[in-house]
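Summary of structural features
The lines below spell out each chain.
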Amino acid sequence: ADVEGKTHTCGTICLKYLLFVFNLFFLLAGGAVMAVGIWTLVDKSDYISLLSSSTYMVAAYILIGAGAIVVVTGMLGCCATIREQRGLLIVFFILLLLIFLLEITAGILAYVYYQECFPLCYQLNAELRADLKERMIQNYQQPGQEQITRAVDRLQQEFKCCGSNSSADWREGAWIQTYADRRLVPDSCCKTPSERCGVRDHPSNIYRVEGGCISKLEEFLLQHLLILGSVGLGIAFLQIVGMIFTCCLFQSLKEDLY
């Protein structure tokens, strides 16, 4: 009987350490998700301002909220593990299960939405292109549009592109008629930006990328989504492991009482 008791105690200690390590990883994962959301809002807010849709801004807030919930759940898990309170372990397990179910539901809804939208996706993409082009050429360097101007300059320099669809976009709109001063494209289109370098739109002087800045922006957003999807899958796997450890520790603590 004593040997059996020691075995249970040893198993309980091992499970405690495993669950504690899991919670540390879970906390870090939640912090990472929060950091990505905050980074999107702070560092990429200029790009978001170029899009009429608020989807990306809302997604960033959802990420921050989800990360905060994961961090709180991880902290609760640490407390439950250290104190060996079965009541807290039950609450922790329920929270893990709820977050996991929400992730699965969101994934299924996203997949269904994509399948339903597929015939219209190209139309939506065309609307995004037209909207970005309108915002760039009509608002660039206009009074009260400093954020748009800064966003366009940063977009063209960071992604090494010129114009929404192509550099020819700059031949239309308000900028070419008012502030261009004989420049054919903004100076931020130049490979080596300098004052009035935009007077020459030769490929040796400016960025001429097939698909323009919108294709580069779409590529960036897709990469961003891939990273977020990978993080989401990693967290989902951690949750399954955590639920298994929680059940085992709960059962082990129950057996140690008898």
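The name given to the protein chain in an unreviewed UniProt entry is Tetraspanin, and the organism recorded there is Triplophysa rosa.

Tallying secondary structure elements over the protein chain gives seven helices and zero strands in all. Seen in sequence order, the protein chain has helices and strands lined up from the N terminus as α-α-α-α-α-α-α. Relative to all contacts within the protein chain whose residues are 6 or more apart in sequence, the contacts with residues 24 or more apart total 71%. Just so you have it, the protein chain exposes about 14,700 Å², and 67% of that area is on carbon and sulfur atoms.

Positionally, arginine 171 belongs in the loop between helix 5 (146–158) and helix 6 (173–178). Taking the C-alpha atoms as reference, arginine 171 lies 7.8 Å from valine 185; in sequence the two are 14 residues apart. If we skip the residues at most four places from it in the chain, arginine 171 touches Ile176 and Asp201.

Our focus in this paragraph is the side chain of arginine 183. Note that arginine 183 resides in the loop between helix 6 and helix 7 (212–257). Classification of arginine 183 as buried rests on a relative accessible area of 11%. A polar atom in the side chain of arginine 183 sits 3.1 Å from the backbone oxygen of tyrosine 179. In contact with arginine 183, not counting residues within four places along its chain, are Gln141, Trp175, Ile176, Arg196, Gly198 and Val199.

A word on the state of the cysteines. Counted according to the given criterion, the structure contains three disulfides. Between cysteine 161 and cysteine 213 runs a disulfide, and the two sulfur atoms are separated by 2.1 Å. Here cysteine 161 and cysteine 213 share a disulfide; its torsion about the S-S bond, 100 degrees, makes the bridge right-handed. Of the two residues, cysteine 161 sits in the loop between helix 5 and helix 6 while cysteine 213 sits in helix 7, which places them 52 residues apart along the sequence. Judged by relative accessible area, cysteine 161 falls into the buried class, the value being 0%. Sulfur-sulfur distance for the disulfide between cysteine 190 and cysteine 197 comes to 2.2 Å. The sign of the S-S torsion, about 110 degrees, decides the handedness of the disulfide formed by cysteine 190 and cysteine 197: right-handed. In this structure, cysteine 190 and cysteine 197 share a single accessibility class: buried.

The next thing to look at is helix 5. A rise of 1.5 Å per residue sets the reference length of helix 5, with its 13 residues, at 18 Å; its end C-alpha atoms lie 18 Å apart and thus fit the reference within 8%. Looking one or two residues beyond helix 5, the residue adopting positive phi is lysine 160, at roughly 50 degrees.

The next point concerns the pattern of salt bridges. Overall, the coordinates contain seven salt bridges when judged by the stated rule. Residue lysine 133 pairs with aspartate 169 through a salt bridge whose shortest N-O separation is 3.8 Å. You can see lysine 133 sitting in helix 4 (residues 86–139) and its partner aspartate 169 sitting in the loop between helix 5 and helix 6, a full 36 residues away along the chain. Its relative accessible area of 5% is what places aspartate 169 among the buried residues. With its nearest N and O atoms 2.9 Å apart, the salt bridge here joins arginine 183 to aspartate 187. With respect to class, arginine 183 is no different from aspartate 187; both count as buried. Counted as one network, the salt bridges with shared partners bring together Lys133, Asp169 and Glu172.

Across soluble globular proteins, nonpolar side chains have a tendency to be buried as a group. Leu50, Val152 and Trp170 are the most contacted members of the largest nonpolar core, which has 24 residues in total. Listed by contribution, the elements that provide at least two residues to this core are helix 4, helix 5 and helix 7. The contact partners of leucine 50, leaving out residues within four places of it in the chain, are Asp131, Leu132, Arg135, Ile148, Ala151, Val152 and Leu155. Counting residues in hydrophobic clusters, the runner-up holds 20 residues, among them Phe26, Val70, Leu96 and Leu238.

Cut-offs used in this document
- Residues numbered from 1 in each chain as written.
- Predicted model: local features only at pLDDT ≥ 70, side-chain atom pairs only at ≥ 80, totals over all residues.
- Heavy atoms only, no water.
- Helix = DSSP H or I, 4+ residues; strand = E, 2+ residues; numbered from the N terminus.
- Contact = heavy atoms within 4.5 Å.
- Areas by Shrake-Rupley, 256 points an atom, 1.4 Å probe, with all protein chains shown as cover.
- Buried < 20%, exposed > 50% of the residue type's maximum accessible area, 1.4 Å probe, protein only.
- Polar contact = N/O pair within 3.5 Å; in protein donor to acceptor, adjacent residues only side chain to side chain.
- Disulfide = S-S within 2.5 Å.
- Expected span 1.5 Å × (residues − 1).
- Salt bridge = Lys/Arg side-chain N within 4 Å of Asp/Glu carboxyl O.
- Core = buried A, V, L, I, M, F, W, Y, C linked by side-chain atoms within 4.5 Å.

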